[in-house]
Amino acid sequence: MFNDLPDVLKQPVDSSDGVAGMERPRKLLDSIAEDVTPLLSLARHHIVSARQFTREQIIQLVRLAAAYETSRLYIKPLSGKILITAFYEPSTRTRLSFESAWHRLGGDVMSITDANTTGIAKGESLQDVAEMFSNYGDVVVLRDSEDESVYKMTERLRIPIVNAGNGIDEHPTQALADMYALLKWKPELCCTPEGAERIRIGIIGAPSRMRTLRSFLLCLTHFSEQIEVIVINPDKDVLAADQAAELQRSGLQISVVSALQSVLPTLDVVYINSIAWVGESYERLTGDIKLGSESRLKPDAIILHPLARGVELDTSLDITAHNWYFAQARGAVFIRMALLTCITQRVSRVTDAPIAPVR
Amino acid sequence: MFNDLPDVLKQPVDSSDGVAGMERPRKLLDSIAEDVTPLLSLARHHIVSARQFTREQIIQLVRLAAAYETSRLYIKPLSGKILITAFYEPSTRTRLSFESAWHRLGGDVMSITDANTTGIAKGESLQDVAEMFSNYGDVVVLRDSEDESVYKMTERLRIPIVNAGNGIDEHPTQALADMYALLKWKPELCCTPEGAERIRIGIIGAPSRMRTLRSFLLCLTHFSEQIEVIVINPDKDVLAADQAAELQRSGLQISVVSALQSVLPTLDVVYINSIAWVGESYERLTGDIKLGSESRLKPDAIILHPLARGVELDTSLDITAHNWYFAQARGAVFIRMALLTCITQRVSRVTDAPIAPVR
Amino acid sequence: MFNDLPDVLKQPVDSSDGVAGMERPRKLLDSIAEDVTPLLSLARHHIVSARQFTREQIIQLVRLAAAYETSRLYIKPLSGKILITAFYEPSTRTRLSFESAWHRLGGDVMSITDANTTGIAKGESLQDVAEMFSNYGDVVVLRDSEDESVYKMTERLRIPIVNAGNGIDEHPTQALADMYALLKWKPELCCTPEGAERIRIGIIGAPSRMRTLRSFLLCLTHFSEQIEVIVINPDKDVLAADQAAELQRSGLQISVVSALQSVLPTLDVVYINSIAWVGESYERLTGDIKLGSESRLKPDAIILHPLARGVELDTSLDITAHNWYFAQARGAVFIRMALLTCITQRVSRVTDAPIAPVR
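Values in this document were obtained by computation on a predicted structure and should not be read as measured data.

A tally of regular secondary structure across chain A gives 12 helices and 11 strands. The C-alpha radius of gyration of chain A comes to 21 Å, within 12% of the 21 Å expected for a compact globule of 359 residues. Principal-axis analysis of the C-alpha atoms places the extent of chain A at approximately 60 × 55 × 55 Å. Considering chain A as a whole, with its 359 residues, one finds that 64% of them fall into the buried category.

Our next topic: the environment of Glu148 of chain C. Along the chain, the position of Glu148 of chain C falls in the loop between β3 (139–144) and α6 (149–154). For the pair Glu148 of chain C and Gly167 of chain C, spaced 19 residues apart in the sequence, the C-alpha separation amounts to 8.2 Å.

A few words now on the relation of the copies chain C and chain B. Mapping chain C onto chain B calls for a rotation angle of 120 degrees and an axial translation of 0.0 Å; the resulting RMSD is 0.0 Å. Between the two chains, the operation in question is that of a three-fold axis. Considering only C-alpha atoms, the residue of chain C closest to the rotation axis is Asp108 of chain C, which sits at 4.7 Å.

A few words on the interface of chain C and chain B. The interface is formed by 41 residues belonging to chain C together with 38 residues belonging to chain B. Here chain C and chain B share an interface that buries about 3,500 Å² over both sides, 58% of which is from carbon and sulfur atoms. The interface formed by chain C and chain B includes 3 salt bridges. A salt bridge links Arg309 of chain B to Asp128 of chain C; the shortest N-O distance between them is 2.6 Å. Linking chain C with chain B are 9 residue pairs in polar contact (both at pLDDT 80 or more). Elements with a contribution of two residues or more to the side of chain C that touches chain B: β1 (82–87), β2 (108–112), α5 (126–136), α6 and α9 (241–249) of chain C. At 6 residues, α5 of chain C tops the list of elements feeding residues into the side of chain C that touches chain B. Taken together, the residues of the side of chain C that touches chain B break down into 15 nonpolar, 14 polar and 12 charged.

What follows covers the domain arrangement of chain A. All names here are of chain A. Taken as a whole, chain A is organised into domain 1 (18–170 + 330–347) and domain 2 (172–328). Using C-alpha coordinates to define each centre, domain 1 is positioned 23 Å away from domain 2. Across the boundary between the two partners, domain 1 contributes 43 residues, which contact 38 residues of domain 2. Ranking the residues of domain 1 by area buried against domain 2 places Arg24, Arg55 and Ile168 at the top, with a combined share of 21%.

Scanning the model with the defined rule gives 51 salt bridges over all chains in all. With a closest N to O distance of 3.8 Å, Arg214 of chain B and Asp169 of chain B form a salt bridge. Of this pair, Arg214 of chain B sits in helix α8 (residues 211–220) while Asp169 of chain B sits in the loop between β4 (161–166) and α7 (172–185), and the two are 45 residues apart along the sequence. Considered together, Arg214 of chain B and Asp169 of chain B belong to a single accessibility category, that of buried residues. Through salt bridges with shared partners, one network takes in Asp128 and Arg156 of chain A together with Arg309 and Asp318 of chain C.

Quick look at the interface of chain B and chain A now. The figure often quoted for interface size is the accessible area lost as the parts come together. Each side of the interface is counted separately: chain B has 40 residues, and chain A has 38 residues. Linking chain B with chain A are 3 salt bridges, by the criterion used here. Among the salt bridges present, the one from Asp318 of chain A reaches Arg156 of chain B, with a minimum N-O distance of 3.5 Å. Where chain B packs against chain A, one counts 9 residue pairs in polar contact (both at pLDDT 80 or more).

This brings us to the packing of helix α3 (residues 55–70) of chain A against helix α7 (residues 172–185) of chain A. All names here are of chain A. At a minimum axis distance of 10 Å, the contact between α3 and α7 shows a crossing angle of 75 degrees. Relative to α7, the element α3 lies roughly perpendicular. On the side of α3, the interface is formed by Ile58, Leu61, Val62, Ala65, Ala66 and Glu69, while α7 contributes Leu176, Met179, Tyr180, Leu183 and Lys184. For the contact of α3 with α7, the residue count by class is 9 nonpolar, no polar and 2 charged.

Bringing the packing of aromatic side chains into the picture now. Applying the stated criterion across every chain, the model contains 6 aromatic pairs over all chains. Ring geometry for Tyr325 of chain A against Phe326 of chain A: centres 5.2 Å apart, planes inclined by 75 degrees, an arrangement best described as edge-to-face. Each member of the pair Tyr325 of chain A and Phe326 of chain A is classed as buried. Their ring planes at 25 degrees and their centres at 4.7 Å tell us that Phe216 of chain B and Tyr271 of chain B sit as a pair that is stacked. Within this pair, whereas Phe216 of chain B is found in helix α8, its partner Tyr271 of chain B is found in strand β8 (residues 269–272), the two being separated by 55 residues in sequence. A relative accessible area of 0% means that Phe216 of chain B is categorised as buried. A cation over an aromatic ring shows up here: Arg24 of chain A above the ring of Trp324 of chain A, its NZ or CZ 3.5 Å from the ring centre.

The next subject is the sheet that holds strand β5 (residues 199–204) of chain A. By definition, the strands of a sheet pair up through backbone hydrogen bonds, in either a parallel or an antiparallel sense. Residue and element names in this part refer to chain A. Strand order in the open sheet formed by 5 strands is β7-β6-β5-β8-β11, and the pairing between neighbours is parallel. Where the open sheet ends on each side, the last strands, each with one partner, are β7 (254–257) and β11 (302–304). For this sheet, the mean angle separating the axes of adjacent strands, direction not counted, is 20 degrees. Here strand β8 (residues 269–272) runs beside β11; their pairing, made up of 3 bridges, is parallel.

This part covers the sheet that holds strand β4 (residues 161–166) of chain C. All names here are of chain C. The strand order β2-β1-β3-β4 describes an open sheet built from 4 strands, whose pairing is parallel. Two strands bound the open sheet, and with one partner strand each, they are β2 and β4. Strand after strand, the sheet turns through a mean of 15 degrees between neighbouring axes, direction not considered. Two elements, β1 and β3, share 5 bridges in a ladder whose sense is parallel. From the neighbouring strand, Thr85 faces β3, where its bridge partner is Val141. Along the sheet, α5 contacts β1, β2 and β3; its crossing angle with β1, the most-contacted strand, is approximately 155 degrees.

Counting across every chain of the model gives 0 disulfides over all chains. Its sulfur unpaired, Cys219 of chain A is 13 Å from the next cysteine sulfur, which belongs to Cys190 of chain A. The structure places no disulfide on Cys342 of chain B, whose sulfur is separated from the nearest cysteine sulfur, that of Cys219 of chain B, by 14 Å. A relative accessible area of 1% means that Cys342 of chain B is categorised as buried.

With that settled, consider unusual backbone geometry. All names here are of chain B. In the segment running from Leu307 into Ala308, the intervening peptide bond is cis, with an omega of 0 degrees. Among the structural elements, Ala308 can be located in the loop between β11 (302–304) and α11 (325–343). Positive phi values are uncommon outside glycine, yet Leu307 reaches one of about 55 degrees.

Right, let's talk about the side chain of Arg346 of chain B for a bit. Residues and elements named next belong to chain B. Within the element layout of this structure, Arg346 appears in the loop between α11 and α12 (347–350). Within the buried core, Arg346 has no salt-bridge partner, and the shortest N-O distance to an opposite charge, that of Asp138, equals 7.7 Å. Polar side-chain contacts of Arg346 include one of 3.1 Å to the backbone oxygen of Pro77.

For the rest of this paragraph, the subject is the side chain of His45 of chain A. With respect to the helices and strands, the residue His45 of chain A is situated in the loop between α2 (37–40) and α3. A polar contact of 3.4 Å, which involves the side chain of His45 of chain A, links it to the backbone oxygen of Ser41 of chain A. Polar contacts involving the side chain of His45 of chain A include one to the main-chain carbonyl oxygen of Ala43 of chain A, which spans 3.1 Å. Once residues within four sequence positions are removed from consideration, His45 of chain A is found in contact with Pro160 and Ile343 of chain A together with Leu9, Lys10, Gln11, Pro12 and Val13 of chain C.

Examined against the element boundaries, Glu34 of chain B turns out to sit in the loop between α1 (23–30) and α2 (37–40). Each C-alpha atom, one on Glu34 of chain B and one on Ile59 of chain B, is 9.5 Å from the other, the two residues being 25 residues apart in sequence.

Take the environment of His222 of chain B next. Residue and element names in this part refer to chain B. Tracing the sequence through the fold places His222 in the loop between α8 and β6 (227–232). C-alpha separation for the pair His222 and Gly251, spaced 29 residues apart in sequence, amounts to 9.0 Å. Aside from chain neighbours lying at most four places away, what touches His222 is Phe53, Thr54, Arg55 and Ile58.

Our next topic: helix α9 (residues 241–249) of chain B. Residues and elements named next belong to chain B. Every buried residue belonging to α9 is among Gln243, Ala244, Glu246 and Leu247, and all of these are buried. In a view along the axis of α9, the buried residues occupy a sector of 165 degrees, so they form one face of it. Away from its buried face by more than 90 degrees, α9 exposes Ala241, Asp242 and Arg249. Those residues of α9 that are buried are in contact with α8 and β7 (254–257). Of the residues trailing α9, Gly251 is marked for its positive phi of about 95 degrees.

Scoring rules and cut-offs
- Position numbers for residues count from 1 along each chain, tracking the sequence in the order it is written.
- Here every chain gets a letter starting at A, and every ligand a number starting at 1, in the order they are written.
- Restriction of local features to residues with pLDDT of at least 70 applies here, the model being predicted, together with a cutoff of 80 or more for giving and counting side-chain atom pairs; totals for whole chains, interfaces and linings are based on all residues.
- Where side-chain values are given, they derive from all heavy atoms of the structure, hydrogens and water being excluded.
- The numbering of helices and of strands both runs from the N terminus, where a helix is a DSSP run of H or I of at least 4 residues and a strand a run of E of at least 2.
- Just to be clear, the radius of gyration here is over C-alpha atoms, and the globule rule we use is 2.2 Å times residues to the power 0.38.
- Burial status follows relative accessibility: with a 1.4 Å probe on protein chains alone, a residue under 20% of its type maximum counts as buried, one over 50% as exposed, and anything between as partly exposed.
- Superposing the copies works by least squares over the C-alpha atoms of residues that have pLDDT at least 70 in both of them.
- Residues are treated as being in contact if the distance between any of their heavy atoms lies within 4.5 Å.
- Buried area is a sum: the accessible area each of two parts loses on coming together, probed at 1.4 Å, counted once for each and added.
- For this document, the term salt bridge refers to a Lys or Arg side-chain nitrogen within 4 Å of an Asp or Glu carboxyl oxygen.
- N or O atoms within 3.5 Å of each other form a polar contact, as long as, within protein, one can give a hydrogen and the other can take it, and as long as residues adjacent in sequence are counted only when both atoms are side-chain atoms.
- Classes in brief: Ala, Val, Leu, Ile, Met, Phe, Trp, Tyr, Cys and Pro nonpolar; Asp, Glu, Lys and Arg charged; the others, Gly included, polar.
- Domain borders in the structure are assigned automatically or taken from a domain database.
- All axes are obtained by fitting lines to C-alpha atoms, using only the stretch in contact for helices, and the reported angles, taken between N-to-C directions, cover 0 to 180 degrees.
- Put simply, angles under 35 degrees are roughly parallel, angles over 145 are roughly antiparallel, angles from 65 to 115 are roughly perpendicular, and the rest are oblique.
- To pair, rings of Phe, Tyr and Trp, with the six-membered ring standing in for Trp, must have centres within 6.5 Å; the planes then decide the type, stacked if under 30 degrees apart, edge-to-face if over 60, and tilted in the middle.
- Put simply, a charge is over a ring when the Lys NZ or the Arg CZ is close to the ring centre, within 6 Å, and near the line of the ring normal, within 35 degrees.
- If DSSP finds at least two bridges between two strands, the strands pair.
- Disulfide assignment relies on a single distance test, namely cysteine sulfur atoms paired within 2.5 Å.
- Here the positive residues are Lys and Arg and the negative ones are Asp and Glu; neither His nor the chain ends is included.
- As used here, the arc belongs to the directions running from the helix axis to the C-beta atoms.

See below:
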């Protein structure tokens, strides 16, 4: 009887890691010497822009993320601490990623998921809301459709805020997740550059109007001697003038090409993102560029995507070795755990090295 | 002064159990010998259909629920574990019941209460959402208006999912709550059948289009030698053909009658549910059938209702001994605690018997 | 490079208390002798009206609040307890204040933030919802646009409910937060009155239609020998007849004036609130009265406001010593911690004095 049950219900869930297991983070962890100093200097800082991160901070953050991904945490370093997630622009993916990170560190969460129910909708100023948050929580995570909101809040906050996407401006923790995936793939990037061949990173997207790319490129500037960036977009006008100037001042080699086909087989990393969300609406910014299993990728090229995806990234790639975007999404929790540990001054509770008391 | 305060504010809240106290679950607990084996085999299983439960699993689950209802839990077996409640079709009652169960076991919760704020609303596939959930939580509870959604998610999930209502198809944990109420009332049903008179269970509703009834009937098949089911509906066409065939193959005695009055005085149990919700709308499926204190019930008949109720179940019955629907609702938390304990492989932490390590 | 980062991002967040630090609550704490008896009598009580509080309860509640504000809590007195916040009328500020208080005491929270997703929207009765809450949580906090809803719930609840705003009727915990601010400013009010000059409290608002003021005035009646209340409103008809009668029976000196200018320089405390919210809409009830740094306040006068504010309270006052409204908002968390500790019978776990076991 009842033999019409699908097989998937007849056995335990396969929890074997669909995103390549522990090998990658272990390899990264082993290749970086622990140095908590760069992490300690993040204590009680707002995190609004990827410009705030140094190369050493990025490297030690991914190291701590790799430690979280490969070990079990037997303490609750954020026990008794409260996170406020204020998503005035809705996003389940990013919200859950932060909340999961905070819960895994042992803390409690209060969520605001609907801007229409808040005082802001009734005309309350962001400064007054910041005053309120300072009284009720220990850290705020904010997503808002306006570039300026997070900056306005910093004027009044007495607790750190993390920018989880401000209009088309920045999304620095997504950039950290991107860096974590990139460095797991190529831990050698963490070493002192020694004249090895540059890694070619193709970016299919519009950096001028995509916050994920804006922040990612700012992180990449710290690796400018080891990489080369090629932006691919049918619309040539995809780097803003000031953005291009800032990136070039940093020494980053960056160029723009209009067609994917000729450049694709030369790329080591393909970062693709077609959709720019602004509030409730979105625009598709990469023409009809698509990647699928039939695309002429280098055999060992990896694909990154901040997700959620549209038609630009075909599911036929999911089962290929090019798929690093699922690992990238998975790593987002661990890198956020790492950052939140630093901001809340709990680094000394989770690292091995005996270190001086913080503050 | 201020003597116009209502009396209810002048004294402590009466917390004496309005749903008959500890006697019923203790009686059930005493009547079942503990056997954790059937529970261990639920470890890390998706729970999508009531077809998945064996008779022994149902009996041991209600036993564990009764243990939870009658004792105080001094450990937090799910400490550090994260539940994701994804209610794409809104339901406060079922959501809070799951979240309360998870919290009582010591775990943390992340809620999605509005489908419009999610990536799914933006066209993200359920498979990609499942991939995300696998990274961020330990168990998912899903309610969705589409029958197929929960099945689509199982294709990609690496963590267990519990179906909390999928369209008009099934609602297996409501069925467990129903069984818990039924077996508290008649623990003898847990014993080997010995030719006692069959219990007559009347079901006022439309099993073909009500997920609660579909799942409840599947559970009842395991007690087919001890019960008889009479479906009562003015519309004779309330059992789907394949449904009737499946139930009859199991040996369940089931019939359909169109009028309540003649059969009501013969029923030991009356399960009533008039409304079928589908997404935001509902339909009333039992004509003008109503139960009230004036109804010609057997003196010791009990009434079950999955709640929320409409006019079909009059509040005049609330203070009568027929009211088992409040106990049924209360028990829903404990039976969900029992099921979640099994799925998360924590049975050995809460049971007395020394047992072999799980996995 | 990147030297265009705002200064606020280059340094740790200034967490020095923008609301005057520990001095004020310490002063209050030192001036009140601990007496837990009045607190014990709040155990397991619904809190619906400010009429329920005695003078001694208010004084001991603010003492406990001051203890919470000035100390670190090393235990989790509400560990394992579940709060249900049911905000059928949306309010982020009040909801987060309660949830923060509960989390700081170590408990878990389940939130309902959208009335449209609940059974009530589908026609479920408040009594049935109350029955559900009794099964799933340990305390309920309710905000609802209807005055009667909280009273209807008390008919069926087996767990305590706290009224967080019922229509235009009352908001008793806001009144406690107001009293906490007032008594921090003037701890002498807690002593036996000894003929000192009366403190003049000006209230800019409409007590007949503002729940915050209705509850605040009820609390003030317990200090009627030490204070004098002047309601300021261009509309003379701002005290309801029964309200005025009740307040006068208590001995409270209360009068109404129509113009602010003449009375303002005589006030020791100015409580201002212009907006009355009812559900999704609001009305402005104090004409064009505004306070700003240019207002002719007594040099040491303090301003209270329940927030969120509108144009009636200019931000130019924020940096003046008149600003006690931010301290008032901050204190709201601690006074709610105090009240919730009492309701849940956990006073003995957090106080120093050895006391008899509760219940």
